[in-house]
Amino acid sequence: MNHVAEQWQPSAEQLSRLRRYEAWLMQLVEGVKTRDQLEKLASSAYRGDESFLQLIAEAPLADDFERCVADFYCFPAQVDRIGNRRYYLSHTDVRNRIWYAGEFTRHLLSHLAGDYARNLLLDRLRFMVWHPNSADDLREPACFVQYRELAAKQPEYERKYVLSSLDDALKLEQFPFLSPTPPELVVQCLELARSADEAEPVLALIEGREGPKLKLDLSFPTGVRAKVGQSMSSASFLLLGLEFGRILHQMGRLGVLEETRISNLLQHMHRDHPDLLYLLLSDELDQDLQPFRPIALNWLFDLANSQGRARLTAMARDSGSSAIVLSGSRFLLAAASLLQSKPLVMNKLDYGSAEWNSAQCIRLLANVRELDPGESHSELVQALRRFEPSVLRQLIGCTDSQFGPILAALSMAEACELWELIVAAEAQEAEVEFDAVRANQLLRDLGDKVDEVLALVAETQRFPITLKRIKAMRSGPDKKFDSMLKRLSQEHIRLYGLFPLKDDADLIQRYQYLRAAPKEASNKFGYERAGNVREAARVGLINLASTAGYADLAALEWAVEAKQADLRSELVTELAHEGYRLRMEIDQHKPKWVIEKNGALLKALPPALKKDPALEPILSTFGVLKDQAGRYRAALENLMVEGTQLDQGYLENLRRSPVALSMLLKLFLVDAAGRSGRLDAAEQGLLNCVGEPFKPTGPLRIAHVVDLLAEGSLADWQRWLVDQGWQQPFKQLFREAYVPTPVELEAMKESCRFAGRRVKSRVAAAILSARRWKMTCDPVTARKALGAGVTAHLELPEVNHFLAESETTVLDRIWFSRGREQQAVVLTELSPLAFSELMRDIDLIITAAAADSDLPSKETIDARCQLLQALLPTLRLPNVELKPPFALIRGKLANYRLHLGTAVIHLMPAGYLCVVPAPDSKRSRLQLPFVDDDARTQEVLSKLLLLAADHKIKDPSIVAQIVRGAAEESPEPAQ
């Protein structure tokens, strides 16, 4: 064994080099202003690109760079200014600088390392192993003074958090060392090794062929402690928290990845941290490591004997059973044997109890995904029948895959499909709808055995939510249900759609409650809980659609809205009564009464007439239609956003309501071949933009702007819409369109187009909640389900607990995943419609909640430009020219440049013109080709009209600004 130092203190020469590098590094990171720049700095070092090499060449320590970096890295207690990258502080600026400075140094060391750095890292690793109780690493660095001063300037809750982080920095859970920790050094020593011989000292330590038997003394200096607390070998100590994937990769690179070494690592692996076992038994094991999977399976099975059960139980207790996937019936039978020897008492499975630990051990062994080659289902069933039924009834609650053989052994093989549905449903998140149709069919198929099977489900105590839903489908609400609905209980709202229906009145009553619940929640609760109630009501409506026999939620909506009108009365659109003549018209897609008396129009119905019983049915029907108008508009927009196909049932229900029909006739549809058109109400076909009818191919759906872009018909339809003077119920033709940029396509799996934008937290939180984004913790991100198992993730790096905890926050990258394992999804796998709507969600946040700049996105400006391009011929403004992002206006008094995003006006060639928009209550509304209340577009259009006829401006303050600007500098004609 090589000599091991008794103390870890730098020489004067090493300390001098350390200080030189520290001063250079501080100057480097303090010159970086943003997190993006810090990240690029660390990434540049990781890649070793040209800019990084230039940085090294220009550094004042170039002659002795390797030793300076190695000394800084290996004597962390001596570093007083930049801190240690394990100090994860709440203060964002400090945290970023510490983390990225540490990452930069680590990559720099890997790039520069020679014999000096490699030997110094190995010396430090040996010192840590032989002297784990040394106080040399445990003094509080001087930089903590700076952090405490920063904390004093923060709000009270933030100050407490920072100070707590400082205290915890010297209370590390596994190692009483500053970074780099022993496992980090193991990885780096192997990465720097150029041959098997250079790697041998490190391999000897982690395989237990060298090193002492450790017994850690917990009497560290004041305020410092570690949570290891037991005797162990040096190998076990080093394997705590080790990144085994990187270790095995380096062993493969060096040609020393062998079965005996894997067995040694498994043997010395700490029982509380079986990360190597989890790696070798994971679902996504690399092809190069597949030959070592049988070794891990055999090693785990050997632990199932009496000598190894204590270690197996500890592994299951501390790490759970779901992290590994087993194969082979022997594990399931071993779990049954454990249950046979000591049955579980299900009502005593308290966390940490002996019963709970035993249950975790059994679940670990029973987590068998598939049988081994050559094993048969029937053989496993026969083997299981040797156990008592009571053992099998407990075993089935411990496995998520091999319930089929257990059910067959219990003579319940016909319940296999139902059990599969229950397992899958319980694993889903609460906001995912329950497949009630299939569940009902499977329950009917069980016949007389249904109660016995459901009793077995209840015995497992693993499926409480799904069992409650099944009971709701069979029996209806209990006595407490109504009171829970009044409290807007989310689970009861979801269950409300699953109860058996009595009649159409019952269907409408539930539909109305589920529609009204989100509005009631928004009046009672904050945005987060109101958003959860909104999502629960959506799931409740989907469940109700399934219970009522409709294909989906949209079909339920249109059918029930039609039923509501039918149950009220026949719709009367015109009526004469006591000298009054009442006529109903559709105005901006809403019902409106036109009231005449003696040929004169009245603004409103006289109060006395409102109480006339003869008019009550008609007024009631009118009220229903008025309420329905808002729901129709939202429902039609959802049909477009979700790409829902419109079958004849949809169209027939829409035709039954004049309000819905008026909206549909102003929208454009697309068929399965991608051809767009407007609905021909008479012939039930489509008309193209020149009025020619054509028969659609396949089912229709409401066209999205990306569909029209792909067809190349968007501009034609926009001009046609404006020429006709139509107003759509929502933004369809002039909707913002978002397509992946070349940078995003190159990145493949993420989008950073909104990264770095600072927004107002509360407004952002409210918009995300309204757009069905969900917040998750650790780390805090916003996520949204896009369908087909794909989820979008928006990272929020400055959020520690909840989004609205600080006044502003920064948006980061958006990435996509599939399934519970969050497998990365490339952008090209997303539908253009889903991508566009997702980016529109985030752009809405930028538009409404920007805290750093009022400048909107390129897509928003493009949409306004398209709108103006279509409107200009109708407005007859030849003196206006569009050059995005500006509109150039040649007035009679001056020439102007109007920004289409911010509505800011500049006199040309230079000068600012201040025109303050009138308050909303006094502002005349210009009719846009859509109903949406787009205030900024209204402002842009009104300013454009004002300046195009500047000689008619009557406001003296505006005229004075124009005349003064024109006098100061004669403007040139707009180019």
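Scroll up to find the structure this text is about.
All values derive from a computational prediction rather than experimental measurement.

(A) How the structure looks around the overall build of the protein chain. Assigned secondary structure in the protein chain consists of 42 helices and 27 strands. In the protein chain, which comprises 975 residues, the proportion classed as buried is 51%. For the protein chain, the proportion of contacts with a sequence separation of at least 24, taken over those separated by at least 6, is 70%. With the model as given, the accessible surface of the protein chain reaches about 45,800 Å², and the carbon-plus-sulfur share is 50%.

(B) Expanded view of the pattern of salt bridges. Inspection of the entire model under this criterion finds 47 salt bridges. We note a salt bridge from K449 to E414, for which the minimum N-O separation is 3.2 Å. Within this pair, whereas K449 is found in the loop between α23 (436–446) and α24 (450–460), its partner E414 is found in the loop between α21 (403–409) and α22 (416–427), the two being separated by 35 residues in sequence. Exposure remark for K449: the relative accessible area of 26% places this residue in the partly exposed category. By relative accessible area, E414 is classed as partly exposed at 45%.

(C) Up close: the nonpolar core. Judged by nonpolar contacts, the single largest core of 159 residues is most densely connected at Y21, F104, L395 and I493. Filtering out sequence-adjacent residues up to four positions away, I493 remains in contact with L485, L488, Y513, L514, A517, V533, A536, A537 and G540.

(D) Spatial organisation of the sheet that holds strand β14 (residues 700–702). With respect to topology, six strands assemble into an open sheet ordered β9-β14-β10-β11-β12-β13, the strand pairing being antiparallel. Whereas interior strands pair on both sides, the edge strands pair on one side only; in this sheet they are β9 (645–646) and β13 (693–694). Both strand β12 (residues 685–687) and β13 contribute to a ladder of two bridges, which runs antiparallel. Across the sheet, residue L687 finds its bridge partner in β13, namely P693.

(E) View of the environment of R386. Note that R386 resides in the loop between α19 (377–384) and α20 (389–395). Residue R386 is classed as exposed on the basis of its relative accessible area, which comes to 64%. As for R386 and A409, which are separated by 23 residues in sequence, their C-alpha atoms are 9.1 Å apart.

(F) How the structure looks around the packing of α22 against α24. Where α22 meets α24, the axes come as close as 11 Å, and the angle between the chain directions of the two elements is 35°. For the crossing formed where α22 meets α24, the hand is right-handed. Taken together, the residues of α24 that come into contact with α22 (itself represented by L418, W419 and I422) are V453, L456, V457 and T460. Within the contact of α22 with α24, the residues separate by chemical class into six nonpolar, one polar and no charged.

(G) Fine view of helix α38 (residues 761–770). Residues S761, A764, A765, I767, L768 and S769 constitute the buried set of α38. Each element contacted by the buried residues of α38 is listed here: α29 (527–548), β16 (758–760), β18 (781–787), β19 (790–795), β20 (808–810) and α39 (832–849). R772 occupies a position one or two residues after α38 and carries a positive phi of about 70°.

(H) Expanded view of the packing of aromatic side chains. For the coordinates displayed, the defined rule picks out 16 aromatic pairs. With centroids separated by 6.5 Å and ring planes inclined at 55°, the aromatic side chains of Y21 and F65 adopt a geometry described as tilted. Placement of Y21 in helix α1 (residues 12–30) and of F65 in helix α4 (residues 65–74) is noted, with a sequence separation of 44 residues between them. Owing to a relative accessible area of 3%, F65 belongs among the buried residues under this scheme.

(I) The sheet that holds strand β26 (residues 905–907), seen in detail. Strand order across the open sheet formed by five strands is β23-β24-β25-β26-β27, with antiparallel pairing between neighbours. Each end of this open sheet is capped by a strand with a single partner; those strands are β23 (880–883) and β27 (912–913). Across three bridges, strand β25 (residues 895–899) lies against β26 in antiparallel orientation. Paired with R897 across the two strands is H906, which belongs to β26. Relative to β23, helix α40 (residues 858–875) is tilted by about 150°, and along the sheet it contacts β23 and β25. In the packing of helix α41 (residues 935–948) onto the sheet, contacts are made with β23, β24 (886–890), β25, β26 and β27, and the angle to β25 comes to roughly 175°.

(J) Examining the pairing of β24 more closely. One ladder, built from four bridges, connects β23 with β24; its direction is antiparallel. By the bridge assignment for β24, E881 is matched with L888. Where β23 folds back on β24, the antiparallel hairpin that results is connected by two residues. Two elements, β24 and β25, share five bridges in a ladder whose sense is antiparallel. Residue L888 lies in a different strand from β25, and its bridge partner there is R897.

(K) Examining the pairing of strand β21 (residues 814–818) more closely. Most of β21 is tucked away, with four of its five residues classed as buried. Of the strand pairs in this sheet, strand β15 (residues 750–751) and β21 are connected by two bridges, and their pairing is antiparallel. In the strand pairing of β21, E750 is matched with W815. Taken together, the five bridges between β19 and β21 define a ladder with antiparallel strand orientation. Looking at the pairing, H793 lines up with W815 of β21.

(L) Examining unusual backbone geometry more closely. Residue P884 is joined to P885 through a cis peptide bond whose omega torsion reads 10°. The backbone of R876 sits at a positive phi, close to 55°, despite the residue not being glycine. Here R876 is to be found in the loop between α40 and β23. Unlike most non-glycine residues, A903 shows phi in positive territory, near 70°. The exposure class assigned to A903 is buried, which follows from its relative accessible area of 1%.

(M) Up close: the packing of α24 against helix α25 (residues 464–475). Contact geometry for α24 and α25: axes closest at 11 Å, N-to-C directions at 150°. With respect to α25, the axis of α24 lies roughly antiparallel. Relative to α25, α24 is oriented so that their crossing is left-handed. When α24 is examined against α25, the residues V450, D451, L454, V457 and A458 are found in contact with a partner set consisting of L467, I470 and R474. Across the contact of α24 with α25, the residue classes tally to six nonpolar, no polar and two charged.

(N) Just α40, in detail. Compared with an ideal rise of 1.5 Å per residue, which puts 18 residues at 26 Å, α40 spans 25 Å between its outermost C-alpha atoms and is within 8% of the ideal. Within α40, burial applies to E859, T860, I861, A863, R864, C865, L867, L868, A870, L871 and L872. Residues of α40 that are buried sit in contact with α36 (714–724), α39, β23, β25 and α41. Positive phi appears at R876, one or two residues downstream of α40, with a value of about 55°.

Conventions we followed
Position numbers for residues count from 1 along each chain, tracking the sequence in the order it is written. Thresholds applied to this predicted model are a pLDDT of at least 70 for local features of residues and 80 or more for the giving and counting of side-chain atom pairs; totals over whole chains, interfaces and linings are not thresholded and use all residues. Hydrogens are left out, water is left out, and the side-chain values use all remaining heavy atoms of the structure. Helix and strand definitions follow DSSP, with helices as H or I runs of at least four residues and strands as E runs of at least two, each counted in order from the N terminus. Using a 1.4 Å probe on the protein chains alone, a residue whose accessible area is under 20% of its type maximum counts as buried, one over 50% counts as exposed, and one in between counts as partly exposed. Working rule for contacts: check all heavy atoms of both residues, and any pair within 4.5 Å makes them a contact. Here, Shrake-Rupley sampling with a 1.4 Å probe gives the accessible areas, and only protein chains in the shown set may cover a residue. In the sections that follow, a salt bridge refers to a side-chain nitrogen of Lys or Arg positioned within 4 Å of a carboxyl oxygen of Asp or Glu. In plain words, nonpolar cores are sets of buried Ala, Val, Leu, Ile, Met, Phe, Trp, Tyr and Cys residues tied together by side-chain atoms within 4.5 Å. In this scheme, strands are said to pair when DSSP sees at least two bridges between them. Interaxial angles span 0 to 180 degrees and are taken between N-to-C directions of axes, which are lines fitted to C-alpha atoms, for helices over the stretch in contact. Should the near helix be turned anticlockwise from the far one by less than a right angle, the crossing is left-handed, and should it be turned clockwise, the crossing is right-handed. Side-chain classes are defined by residue name, with Ala, Val, Leu, Ile, Met, Phe, Trp, Tyr, Cys and Pro counting as nonpolar, Asp, Glu, Lys and Arg as charged, and the others, Gly among them, as polar. Stacked, edge-to-face and tilted are the three classes for Phe, Tyr and Trp ring pairs, Trp counted by its six-membered ring, which pair at centre distances within 6.5 Å; planes under 30 degrees apart are stacked, over 60 edge-to-face, the rest tilted. Any angle between 65 and 115 degrees counts as roughly perpendicular, while under 35 counts as roughly parallel, over 145 as roughly antiparallel, and the rest as oblique. One less than the number of residues in a helix, times 1.5 Å, gives the span that helix is expected to have.

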